[in-house]
Amino acid sequence: MLAGALLAAGQGAVSAQATDNLEKLSNFQSTGTAMDIPTVPQDGPRVAAFNKTLAGIKLPDGFKIKLYAIVPDAREMAVGPTTGVVFVGTRKSKMWAVTDRDKDRVADEVKPFAPSIPMKLPHGVCFSKDGFLFVAEQNRVLLFPAAEFFYEGPDVAAFQVVKQGELIPKEEESYNHTARVCRVGPDDKLYITLGQPFNVFAPEKYDLYKKVGIGGIVQMDRDGKNRNVYAWGIRNSVGMDFNPKDKTLWFTDNQVDGMGDDIPPGELNRAEKAGQTFGFPYFGGGSVRTVEYKDKEPPADSVKPQVEMVAHAADLGMSFYTGNQFPEKYRGGIFSVQHGSWNRTVPVGARVMFTEVKEDGTAGKSEPFAEGWLTPNGEYLGRPASVAQLNDGSLLVSDDTSGAIYRISYGE
């Protein structure tokens, strides 16, 4: 009992300090955090090991891939619109700021971002067009104005958009499916994915989850007000982006485990408007019904996926390509990643996919773009987690298993 009491007291002290520091930062006051921020070494034998792996990655003709930075646990990425500093989310307790100071398209420095603020699963990172950085944690949303210019020191101007414990009900917090993704939409509103924590949730959770938006995507003003459920019927989306041409919201979805090697398919979805539902929990993926809800009638207006991906490949981060560096074929299309399967006798995934978008705004052909992290004997040499576009039009790929970010370029 004494040990438990001491642990609780310690956690309480950390929580109080975190709240105090955030309050100070929101008032532009110093927290007293040490000015010296340790950096992640970007040299040594690990570089040679990464280069060996990257030499085996298959890409279309004219493309090449190189190590951009060593970044522990790298997941979602947000590229600063003016400086090109890459802010990297993780499923742990740190965020990273990755800087290429000499603009040779290889990072020079990787260090923790906002180290005076304790974080919990700061996975979702996204910029507004006017340079505000949003961070979606497990159960809180933070805002960092001018993050590109404050990040050098430990104290960063910071504000709460959604207070701790108010993104989802505290009693629904879980270790599972809590990697949030955020985007600021063309309507200047904030969108956040809220994965539901189960393989398939029980019927008694249905009404609460639908009301709150767990198992969906929520929309809110940039200050956290006027929240609503934009899309629902989603098992666990860990990747979304807006098509800049028609403003529709696209997202990946991880589908139900334990149904067999080849079912159900992963999904790439398109939300044309607010209020649409996408089939879960009635469907485990595509048109495959779940065992738990097989006797219940699914909504007649359930939206089918634009693309059915290979089963259990774990489709995660995605981004529309808006640059000019890549050939015409890729402009306006979607790059997405398949993290790699765990629930399959023969592993699949660990690759970057490309999906064409047709003139009518629907999906065309989807095909592998970069692959080779999965060996023929089923060993993962890395597991791509997300993609982001650098300001020069090249593509960044994060790898949380190896702890790195790679850069794919064309014609250099």
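Residues numbered from 1 in each chain as written. Predicted model: local features only at pLDDT ≥ 70, side-chain atom pairs only at ≥ 80, totals over all residues. Heavy atoms only, no water.

Participant: Any details on the packing of aromatic side chains? Residues and values, ideally.
Facilitator: Counted by the stated rule, this structure contains 33 aromatic pairs. Measuring from centroid to centroid gives 6.3 Å for Phe50 and Tyr406, while their planes differ by 65 degrees, and the two rings are edge-to-face. On the criterion of sequence distance, the pair formed by Phe50 in helix α2 (residues 45-54) and Tyr406 in strand β27 (residues 404-410) is long-range, its members being 356 residues apart. Accessibility classification places Phe50 together with Tyr406 in one group, the buried group. A centroid spacing of 4.6 Å and a plane angle of 10 degrees characterise the contact between Tyr321 and Phe326, whose relative ring orientation is stacked. With respect to class, Tyr321 is no different from Phe326; both count as buried. The residue whose ring lies beneath Lys304 is Phe283, and the NZ or CZ to ring-centre distance is 3.9 Å. Above the plane of the ring of Tyr380 lies Arg383, whose end atom (NZ or CZ) is 5.2 Å from the centre. (Phe/Tyr/Trp six-rings, centres within 6.5 Å; stacked < 30°, edge-to-face > 60°. Helix = DSSP H or I, 4+ residues; strand = E, 2+ residues; numbered from the N terminus. Buried < 20%, exposed > 50% of the residue type's maximum accessible area, 1.4 Å probe, protein only. Lys NZ or Arg CZ within 6 Å of the ring centre and 35° of its normal.)

Participant: How would you explain the sheet that holds strand β20 (residues 307-309) if you had to name every residue and give the values?
Facilitator: Pairing in this open sheet of four strands is antiparallel, and the strands run β14-β15-β16-β20 from one edge to the other. One side of each edge strand has no neighbouring strand; the edge strands of this open sheet are β14 (240-242) and β20. In this sheet, adjacent strand axes meet at a mean angle of 20 degrees when their direction is disregarded. Examined bridge by bridge, β14 and strand β15 (residues 249-253) share three bridges and lie antiparallel to one another. Counterpart to Asp241 in the pairing with β15 is Trp250. (Pairing = 2+ DSSP bridges. Axes fitted to C-alpha atoms, helices over the stretch in contact; angles between N-to-C directions.)

Participant: Pulling in residues and values, what's your account of the state of the cysteines?
Facilitator: Under the defined criterion, the tally for this structure stands at one disulfide. Through a disulfide, Cys126 is tied to Cys182; the S-S separation comes to 2.3 Å. With the S-S bond torsion at -120 degrees, the cross-link from Cys126 to Cys182 turns out left-handed. Taken together, the positions of Cys126 in strand β6 (residues 124-127) and Cys182 in strand β10 (residues 182-184) put the pair 56 residues apart, joining distant regions of the chain. The exposure class of Cys126 is buried, given its relative accessible area of 4%. (Disulfide = S-S within 2.5 Å.)

Participant: Tell me what's going on with the sheet that holds strand β5 (residues 109-112), and back it up with residues and numbers.
Facilitator: Ordered in space as β2-β3-β4-β5, the four strands form an open sheet in which the pairing is antiparallel. Edge positions in the open sheet fall to β2 (77-79) and β5, since each of these has one partner strand only. With strand direction ignored, the average angle separating the axes of adjacent strands in the sheet is 20 degrees. The pairing of strand β3 (residues 86-88) with strand β4 (residues 96-99) spans three bridges and is antiparallel. Bridge pairing links Phe87 to Ala97 in β4.

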